[in-house]
Amino acid sequence: MRWNSGALLLARLTLASGLLASPAALLVFSQPQAPPPTAMPSTPAPPVAPSYLVMIDPAHGGSDSGAALNPAIPEKDVTLAFARRLRQELNSRGISATLVRDADIALSLDQRAGMVNAMQPGLYLTLHAASQGNGVVLYTAMLPPTGTNRGRFLDWQAAQSGALVRSRWAQQQITASIHKMGFPMRSLTAELRPLNNVTVAAMAVEVAPTTGEVSQLASVDYQSMVCAALANSIVQIAPALRQRTAP
């Protein structure tokens, strides 16, 4: 067995200090080093399926309570309740879904976008609630005209540009599906962060009461109806979301 210089130095120091060096212990340090790993082939790996097909982002949280829908109902609580119920509805239909926040915590818009871009889901939904309006509004991004990309480096304010076609296709499909159920639904575009900063198909969902009463937003029945309608429509486009395609 060949000893390396580190093992010889350790043995000399151990004996010089008057301690009994265990031969077994010295053998650990005298093992020959393994050869360097062989370089990996240059063939690119196939695309990895997203860990979660849908990432649901309840807007606001922590010190950011959002809109005061009424004195007893802050927007941050309504969005979290809807997000949890939508996740449950999707999971029950075999759609993998997770939440960007699952507690009353504050996250910046950049933090939210960074988490989504790191996970690369098939679809990102940010949830909002409003006291005015009727039913659900789906928003896709309206990109600023000054956004410029440089090769692989994307302009942060226009990072959605590569996924905007998929976003608007998903918006159209979900809107058409929910219209067939007779539920009030509209589709709009807006310069709404963090949609602009997200590199996957992305939409904002704004839920308003259909009765004019804000308390409806806290109703379990209303939450279940809205989330079931969204989940049913997402199931229909799930294959395209998994393949990251938009017919």
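Coordinates for the structure precede this section.
So, a few notes on the structure that sits alongside this text.

Definitions and limits used
- Residues numbered from 1 in each chain as written.
- Predicted model: local features only at pLDDT ≥ 70, side-chain atom pairs only at ≥ 80, totals over all residues.
- Heavy atoms only, no water.
- Axes fitted to C-alpha atoms, helices over the stretch in contact; angles between N-to-C directions.
- Helix = DSSP H or I, 4+ residues; strand = E, 2+ residues; numbered from the N terminus.
- Parallel < 35°, antiparallel > 145°, perpendicular 65-115°, else oblique.
- Left-handed = near helix turned anticlockwise from the far one by under 90°.
- Contact = heavy atoms within 4.5 Å.
- Nonpolar A, V, L, I, M, F, W, Y, C, P; charged D, E, K, R; others polar.
- Expected span 1.5 Å × (residues − 1).
- Buried < 20%, exposed > 50% of the residue type's maximum accessible area, 1.4 Å probe, protein only.
- Core = buried A, V, L, I, M, F, W, Y, C linked by side-chain atoms within 4.5 Å.
- Pairing = 2+ DSSP bridges.
- 1 Å grid on protein atoms, 1.4 Å probe; cavity = no way out; pocket = protein on both sides within 12 Å on 5 of 7 lines; lining within 4 Å.
- Points joined across faces, edges and corners; volume = space filled by probe spheres on them.
- Salt bridge = Lys/Arg side-chain N within 4 Å of Asp/Glu carboxyl O.

**With respect to the packing of helix 3 (residues 75–92) against helix 6 (residues 220–243)**
- Contact geometry for helix 3 and helix 6: axes closest at 9 Å, N-to-C directions at 45 degrees. Here helix 3 is positioned oblique relative to helix 6, judged by the angle of their axes. Judged by the sense of rotation from one axis to the other, the crossing of helix 3 with helix 6 is right-handed. Contacts between helix 3 and helix 6 involve Ala81, Phe82, Arg85, Leu86, Glu89 and Leu90 from the former and Val220, Tyr222, Gln223, Ser224, Val226, Cys227, Ala228, Leu230, Ala231 and Ile234 from the latter.
- Residues of the contact of helix 3 with helix 6, tallied by class, amount to 12 nonpolar, 2 polar and 2 charged.

**As for helix 5 (residues 164–180)**
- For helix 5, spanning 17 residues, the distance from its first C-alpha to its last is 25 Å, which sits close to the expected 24 Å at 1.5 Å a residue.
- All buried positions along helix 5 are accounted for by Leu164, Ser167, Trp169, Ala170, Gln171, Ile174, Thr175, Ser177 and Ile178.
- Buried positions along helix 5 lie against strand 6 (135–141), strand 7 (185–190), strand 8 (202–208) and helix 6.
- Looking at the residues trailing helix 5, positive phi occurs at Gly182, about 80 degrees.

**What about the packing of helix 5 against helix 6?**
- Between helix 5 and helix 6, whose axes approach to 9 Å, the crossing angle comes to 135 degrees. On the basis of their axis angle, the class for helix 5 and helix 6 is oblique. Seen from above, helix 5 lies across helix 6 with right-handed handedness. Residues Trp169, Ala170, Gln173, Ile174, Ser177 and Ile178 of helix 5 lie in contact with helix 6, whose contacting residues are Ala229, Leu230, Ser233, Ile234, Gln236, Ile237 and Ala240.
- Its residues assigned to classes, the contact of helix 5 with helix 6 shows 9 nonpolar, 4 polar and no charged.

**Brief notes about the nonpolar core**
- Residues Val54, Ile56, Phe82, Leu90, Ile174 and Leu217 are the most contacted members of the largest nonpolar core, which totals 43 residues.
- Beyond its immediate chain neighbours, meaning those up to four positions away, Leu90 contacts Val54, Ile56, Ile95, Ala97, Ala231 and Ile234.
- In terms of nonpolar packing, the next biggest core, distinct from the first, is built from 15 residues, Ala141, Leu164, Ala190 and Val198 among them.

**What to know about the pairing of strand 6**
- Summarising burial for strand 6: 7 of the 7 residues are buried, a large majority.
- By the bridge criterion, 5 bridges tie strand 6 to strand 8 in an arrangement that is antiparallel. Residue Val137 lies in a different strand from strand 8, and its bridge partner there is Glu206.
- Pairing between strand 6 and strand 7: 6 bridges, direction parallel. Within the sheet, the bridge partner assigned to Val136 lies in strand 7 and is Met185.

**Description of empty space enclosed by the protein**
- For the structure shown, the criterion picks out 1 cavity of 30 Å³ or more.
- By volume, the largest cavity is sized at about 30 Å³.
- Every residue lining the largest cavity is listed: Gly122, Arg166, Trp169, Ala201, Ala240, Leu241, Arg244 and Thr245.
- Broken down by secondary-structure element, the contributors of at least two residues to the lining of the largest cavity are helix 5 and helix 6.
- Residues that form the lining of the largest cavity fall into these classes: 4 nonpolar, 2 polar and 2 charged.

**A look at the pattern of salt bridges**
- As enumerated under the stated definition, the model contains 6 salt bridges in all.
- Measuring nitrogen to oxygen at the nearest pair gives 2.5 Å for the salt bridge that ties Asp57 to Arg112. In this pair, Asp57 sits in strand 1 (residues 54–58) while Arg112 sits in helix 4 (residues 109–119), placing the two residues 55 residues apart along the sequence.
- Where Asp102 meets Arg87, a salt bridge forms, and the shortest distance between an N and an O atom there is 3.3 Å. Linking Asp102 in the loop between strand 4 (97–99) and helix 4 with Arg87 in helix 3, this pair joins segments that are 15 residues apart in sequence.
- It is possible to trace a salt-bridge network through shared partners that takes in Arg84, Arg87 and Asp102.

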